[in-house]
Amino acid sequence: MNIKITADSTCDLSEELVKKYDIEILPLYIVKDGKSYKDGVEITPSDIFEHVKAGGALTSTAAVNVADYIDAFTPLSKEYDAVIHVDISADFSSCYQNACIAAENFDNVYIIDSRNLSTGSGLVVLRAAEMAQAGENPEDIVKAMNVLTSKVEASFVIEKLDFLRKGGRCSALAALGANLLSLRPCIEVKDGKMSVGKKYRGKYAACIEKYITERLSGRDDIDYKRIFITHSPSDKEIIDIAHKTVKKLGKFEEVLETEAGCTVCSHCGPNTLGVLFIRK
């Protein structure tokens with residue numbers, strides 16, 4: 001069968017991966033000073049950071065709406081035998097709900113709740129694309145992806161809490177205390193929801209090395225097919241340490257580096273980095 005895989009822009013896949021796997025990306029909206037911009041098309045993380053640095057208000061995000069989904073699915077459903085769309089967790093956005101409403105207008109459009117964000121969703125997208133390229137039927141792909149979503153392990157470490165404070169996700173006092181004590185919280189995604197995990201302390205480079213070491217060491221439940229190192233615009237030293245530590249600790253067939261899109265960056269700020277992979 002001829003199957004098209006689509007995803008929303010929060011999957012944070014690079015242009016190279018999107019092209020390689022023939023994936024169509026549907027952008028969310030980033031709201032800056034009351035005006036909406038298409039994520040990754042009309043606005044980038046650097047634009048957001050420059051805006052905030054210049055004293056502007058923090059940007060917000062808005063879901064892909066039902067009309068956008070219908071506009072995207074209409075030609076694809078005619079061109080392909082089936083369309084399989086992967087969305088950010090329904091607990092983070094109304095994208096999934098809107099996509100499901102849109103899909104009711106078609107007989108061959110399937111919607112998957114990735115129960116994740118960023119390249120946690122991207123891992124599901126790539127696996128779906130591989131199954132589609134292998135000639136699997138859409139029902140089997142959807143069934144396999146709904147099982148896979150519970151096996152994705154996604155986490156990030158945030159250097160500073162400034163963006164979380166500005167977004168109202170932590171108090172000014174908590175942010176000040178964390179910054180003064182050099183506390184770097186790890187944000188984990190579990191069952192479609194975010195929670196705060198371990199808090200690392202000290203120089204950020206050392207925290208990143210320790211975080212990745214703890215994520216990958218002493219385990220026999222990791223699928224070593226691929227791992228993502230995903231980050232907002234970050235210092236080269238931090239990214240290099242992440243690559244070195246991953247290479248030292250895991251025999252991954254594929255180590256993919258991607259830059260987080262506007263959605264993650266709007267909430268977490270610069271120098272946020274995570275490793276994302278699948279468990280067996």
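Relevant structure appears above.
Residues numbered from 1 in each chain as written. Predicted model: local features only at pLDDT ≥ 70, side-chain atom pairs only at ≥ 80, totals over all residues. Heavy atoms only, no water.

Quick word on the overall build of the protein
Then comes step 1: Tallying secondary structure elements over the protein gives eleven helices and 13 strands in all.
Then comes step 2: Whereas a compact globule of 280 residues would reach a radius of gyration of roughly 19 Å, the protein reaches 19 Å, a difference of no more than 12%.
Then comes step 3: Dimensions of the protein, computed from C-alpha atoms along their principal axes, come out at roughly 55 × 50 × 30 Å.
Then comes step 4: A buried classification covers 54% of the 280 residues belonging to the protein.
Then comes step 5: Summarising the internal contacts of the protein: among those between residues at least 6 apart in sequence, 76% fall at separations of at least 24.
Then comes step 6: Surface summary for the protein: the accessible area is close to 12800 Å², and the carbon and sulfur share equals 50%.
Then comes step 7: Positive and negative side-chain charges of the protein, numbering 35 and 41 respectively, have mean locations separated by a distance of 9 Å. (Helix = DSSP H or I, 4+ residues; strand = E, 2+ residues; numbered from the N terminus. Rg over C-alpha atoms; globule rule 2.2 N^0.38 Å. Buried < 20%, exposed > 50% of the residue type's maximum accessible area, 1.4 Å probe, protein only. Contact = heavy atoms within 4.5 Å. Areas by Shrake-Rupley, 256 points an atom, 1.4 Å probe, with all protein chains shown as cover. Lys, Arg positive; Asp, Glu negative; His and termini not counted. Charge placed at Lys NZ, Arg CZ, Asp CG, Glu CD.)

Describing the packing of aromatic side chains
Then comes step 1: According to the stated counting rule, one finds four aromatic pairs in the structure shown.
Then comes step 2: Measuring from ring centre to ring centre gives 5.7 Å for Y69 and F73, while their planes differ by 25 degrees; the resulting arrangement is stacked. Of this pair, Y69 and F73 both sit in helix α3 (residues 66-79), separated by four residues, roughly a single helical turn.
Then comes step 3: According to the relative accessible area criterion, Y69 is buried, its value standing at 0%.
Then comes step 4: Classification of F73 by relative accessible area gives buried; the value is 0%. (Phe/Tyr/Trp six-rings, centres within 6.5 Å; stacked < 30°, edge-to-face > 60°.)

Considerations on the pattern of salt bridges
Then comes step 1: The tally for this structure, following the rule as stated, stands at 18 salt bridges.
Then comes step 2: A salt bridge links E153 to R279; the nearest nitrogen and oxygen atoms lie 3.1 Å apart. With E153 in strand β8 (residues 152-158) and R279 in strand β13 (residues 272-279), this pair connects stretches of sequence that are 126 residues apart.
Then comes step 3: The buried category is assigned to E153, whose relative accessible area is 10%.
Then comes step 4: In this structure, R215 engages E188 in a salt bridge whose closest nitrogen and oxygen atoms are separated by 2.3 Å. Here the residue R215 occupies a position in helix α9 (residues 204-216), and E188 occupies one in strand β9 (residues 183-190), the gap between them amounting to 27 residues.
Then comes step 5: On the basis of relative accessibility, which here comes to 13%, the residue R215 falls in the buried class.
Then comes step 6: E188 gets classed as buried once you look at its relative accessible area, which sits at 13%. (Salt bridge = Lys/Arg side-chain N within 4 Å of Asp/Glu carboxyl O.)

Description of the environment of E79
Then comes step 1: Assignment of secondary structure puts E79 in helix α3.
Then comes step 2: Note: C-alpha distance between E79 and V64 (15 residues apart in sequence) is 22 Å.

Thoughts on the environment of R184
Then comes step 1: Residue position: R184 is located in strand β9.
Then comes step 2: Classification of R184 as buried rests on a relative accessible area of 10%.
Then comes step 3: Linking R184 and R201, residues 17 residues apart in sequence, is a C-alpha distance of 6.0 Å.
Then comes step 4: Residues contacting R184, with those up to four places away along its chain left out, are V157, I158, E159, K198, K199, Y200, G202, K203, Y204 and C207.
Then comes step 5: Within the local environment of R184, its side chain forms a polar contact with the backbone oxygen of G202, the two atoms lying 2.8 Å apart. (Polar contact = N/O pair within 3.5 Å; in protein donor to acceptor, adjacent residues only side chain to side chain.)

Some words on the packing of helix α5 (residues 118-133) against helix α6 (residues 138-148)
Then comes step 1: Two elements in contact, α5 and α6, have axes whose closest approach is 10 Å; the angle formed by their N-to-C orientations is 150 degrees. Between α5 and α6, the crossing angle belongs to the class labelled roughly antiparallel. The two elements α5 and α6 cross, and the hand of that crossing is right-handed. Seen from α5, the contacting residues are L123, V124, R127, A128, M131 and A132; seen from α6, they are D140, I141, A144, M145 and L148.
Then comes step 2: Partitioned by chemical class, the residues of the contact of α5 with α6 number nine nonpolar, no polar and two charged. (Axes fitted to C-alpha atoms, helices over the stretch in contact; angles between N-to-C directions. Parallel < 35°, antiparallel > 145°, perpendicular 65-115°, else oblique. Left-handed = near helix turned anticlockwise from the far one by under 90°. Nonpolar A, V, L, I, M, F, W, Y, C, P; charged D, E, K, R; others polar.)

Overview of helix α2 (residues 45-53)
Then comes step 1: Taken as a whole, α2 has its buried residues at P45, I48, F49, H51 and V52. One face of α2 carries all of its buried residues, which in axial projection span an arc of 160 degrees. Turned more than 90 degrees off the buried face of α2, the exposed positions are E50 and K53. (Arc of directions from axis to C-beta.)

Describing the sheet that holds strand β5 (residues 60-62)
Then comes step 1: Here we have three strands laid out as an open sheet, ordered β4-β3-β5, and antiparallel in their pairing. Since the sheet does not close on itself, it has two edges, and those belong to β4 (35-38) and β5, each with one partner. Strand-to-strand twist across the sheet, computed as the mean angle between neighbouring axes with direction ignored, equals 35 degrees. (Pairing = 2+ DSSP bridges.)

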